[in-house]
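# Structural features, examined
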Amino acid sequence: FPYQSGAMAVVDLTTNSFTRVDGGLPVNDTERLYIEITPAYPRIPPTVHIDHHRWDYEAHVLQGRRLCLYLDPTTEWDPAAGIEGFLHRLWQWFDDAIANRFDPTTALYHPVGGVFHRTPGTPTVVVTTPLAIRDTPFHVSHITLAPHSDDRIDVVAWQRTTGSQDSVPGLFVVLSSGLPHGGGQYISDLAVAVRGQDSRNQRKKFLAELSKASRRLTPEQHLHVLIAVPNPHLTGETRHQLIGWRLPQPSVDQAVKLAGRRHKPSDPYTDAEPQVEWTYVDDNRTAVTTRRDHRRPVSWFSGKSIELWGCGALGSWIADQLVRAGASMVTLRDSGYVTRGILVRQNYTELDVGRPKVDALADHLRAIADNVTVVPIHGDAHNALAATIDADLVVDCTVNTAVAVQLDHQQRAGHLRCPVMQLATDMLTITTGDTPTTNQLDDRLREEAARQPSLAPFRTFWDSDNHPTLTPTLGCSMPTFHGSSADAMAIAATGVTLAGDALSREIAGGYLFTAPHSPHDVPARTAITLTDADRSNRP
């Protein structure tokens, strides 16, 4: 039947045909469902509601009243399948729920009603360190936050501190039970939940702490409250789901006063009670967050100290990738400056023109990761080779013959013991402390290309006549290779991935590779590495 500009179908579902398992969804013989079809159908799938709260704490039940049929509708909902496909999905949901096949530990936002808490226009609250959880189930404590930008504010301490001039005091509320209906819209919603979970005294304490915290703020500031909601299916540091809200300081006293008049969920709201603004909590605690690249070869670079020589077409992109992979320290060495011409393919912007490359790139890298140390040194790699290098890895992207000769000398003399990754267009070598030098590996690659017919196209990389250089600007412009930003990024990304794989397995050797769009008729990737026998028979 018609329902608010859409349609509503009332369905009675007989559940006798489903296999019931202990711990599964507790259903009656017949369950009434309300299927809402909005005008956005078929772009948006129908939704299913229930008119009771028997399933408040069940997985994939949102706010106790709506069934979560699609975890990600953008990929799981097929408009072409129509209502028939939707009904198949609904049937499968009940089949899985009643048979206890859902995993409540991974149900999205399970302890907070299964819904996303965020008010448009509010800043994101970033959490990176373990929570300060006491032994008591419910407690309220102070935290310190610091604005990072207009759109981000970080929790910098799980206690009240003097902090910096910009630091902001806030509150941390740890609940003893979940919020199956979500966090609500008002302070009174949370106060009612605290009273229901613990006691009237705890509710009074919570409201009193809000007032105290508000008095430490200026009228221009917001009171931020971070709420830890326990998931009964998890333990330890992973147990709590974080949500947060804020209120302008001038609104807090009124909100607390009116919240004190609500004691039960059935009590009416007071129209004058200010609504809270939900702030999305970007929870980056190690216990609850898995890096998206943790199984990729680049994970080797995490926590490493790296010397990067040459911040041009390859080095500027490699630096970006190393920092995103988690490198703890990157020392940049380059004597060049940013010009407009290099913006075609190097990792710089118009605002960087005129600056030393190392300084511009250092600012870019610091903007990627707060916890990385970047040391820009405006000079060439010769200075580094003249001193003791204290790094986990040297990345040479200079394509400089003099640097290669000096590097070879230092490796032969045993003065450079850390691994060296040397990358030029379509060629990568990796050395370790007890393996041949980069120049010896380069010679080996050339020999293999000359010996194997299948590698004949790669010989072009040692024959400059086959790939003439480009003089980008008339006058004194230095010759360079033909290539775009897409070419440079592809080569850099391939080199970093291959190097991460080789370094993690402690393999010394070389790779000849090209991107699929290479103008040379060469294999997409060929690896040439030194075997144990090679190592014993070579210098």
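Above this text sits the structure in question.
Right, let's walk through the structure included here. Predicted model only: the values in this text are computed from it and were never measured. (Residues numbered from 1 in each chain as written. Predicted model: local features only at pLDDT ≥ 70, side-chain atom pairs only at ≥ 80, totals over all residues. Heavy atoms only, no water.)

### With respect to the nonpolar core
Short version of the rule: As used here, the term nonpolar core means buried Ala, Val, Leu, Ile, Met, Phe, Trp, Tyr and Cys residues forming a set that is joined through side-chain atoms within 4.5 Å. Using a 1.4 Å probe on the protein chains alone, a residue whose accessible area is under 20% of its type maximum counts as buried, one over 50% counts as exposed, and one in between counts as partly exposed. Starting at the N terminus, helices and strands are each numbered in turn, a helix being any DSSP run of H or I of at least four residues and a strand any DSSP run of E of at least two.
Counting 46 residues, the largest nonpolar core has Phe301, Ile318, Leu332, Val395, Met421 and Leu428 as the members making the most contacts within it. If one sorts the elements of this core by residue count, helix α11 (residues 485–504) sits on top with 8 residues.

### Let's talk about the sheet that holds strand β21 (residues 509–513)
Condition: When DSSP finds two or more bridges between a pair of strands, those strands are recorded as paired. All axes are obtained by fitting lines to C-alpha atoms, using only the stretch in contact for helices, and the reported angles, taken between N-to-C directions, cover 0 to 180 degrees. Pairs of residues are marked as contacts when any of their non-hydrogen atoms sit within 4.5 Å.
The strand order across the open sheet formed by 8 strands is β17-β16-β15-β18-β19-β20-β21-β22, and the pairing between neighbours is mixed. Strands at the two margins of the open sheet, each flanked by one partner only, are β17 (373–378) and β22 (525–529). Averaged over all adjacent pairs, the angle separating strand axes in this sheet is 15°, with direction ignored. When strand β16 (residues 329–334) meets β17, the two strands line up parallel, connected through 6 bridges. Its bridge partner lying in β17, valine 330 is registered against valine 374. Sitting on the sheet, helix α7 (residues 357–368) touches β16 and β17, and the angle it makes with β17 is about 170°. Running over the sheet, helix α10 (residues 438–451) touches β19 (420–424), β20 (427–431), β21 and β22 and is turned about 135° from β20.

### Brief notes about the packing of helix α4 (residues 200–215) against helix α5 (residues 249–259)
Helix-helix packing: each pair is described by the crossing angle between the helix axes and the interaxial distance. Here is the rule: By definition in this entry, angles of less than 35 degrees are roughly parallel, angles greater than 145 are roughly antiparallel, angles of 65 to 115 are roughly perpendicular, and the rest are oblique. Crossing handedness is read from the near helix: turned anticlockwise from the far helix by less than a right angle, it gives a left-handed crossing, and turned clockwise, a right-handed one. Here the nonpolar group is Ala, Val, Leu, Ile, Met, Phe, Trp, Tyr, Cys and Pro; Asp, Glu, Lys and Arg are the charged ones; every other residue, Gly included, is treated as polar.
Axis separation between α4 and α5 bottoms out at 9 Å; the angle between their running directions is 160°. Judged on the interaxial angle alone, α5 and α4 are roughly antiparallel. The two elements α4 and α5 cross, and the hand of that crossing is left-handed. Judged by residue contacts, Arg203, Leu207, Leu210, Ser211 and Ser214 of α4 engage Gln249, Val252, Asp253, Val256 and Ala259 from α5. Considered class by class, the residues forming the contact of α4 with α5 number 5 nonpolar, 3 polar and 2 charged.

### Some remarks on the side chain of threonine 431
Put simply, the test is: Distance and chemistry together define a polar contact, namely a pair of N or O atoms within 3.5 Å, with one atom able to donate a hydrogen and the other to accept it when in protein, and with adjacent residues in sequence counting only for side-chain atoms on both sides.
Position of threonine 431 among the secondary structure elements: in strand β20. Taking the relative accessible area as the measure of exposure, threonine 431 reaches 1% and is therefore buried. Within the structure, threonine 431 has its side chain in polar contact with the side chain of glutamine 411 (distance 3.3 Å). Excluding anything up to four places from it in sequence, threonine 431 contacts Gln411, Pro419, Val420, Pro436, Thr437, Thr438, Leu441 and Ala508.

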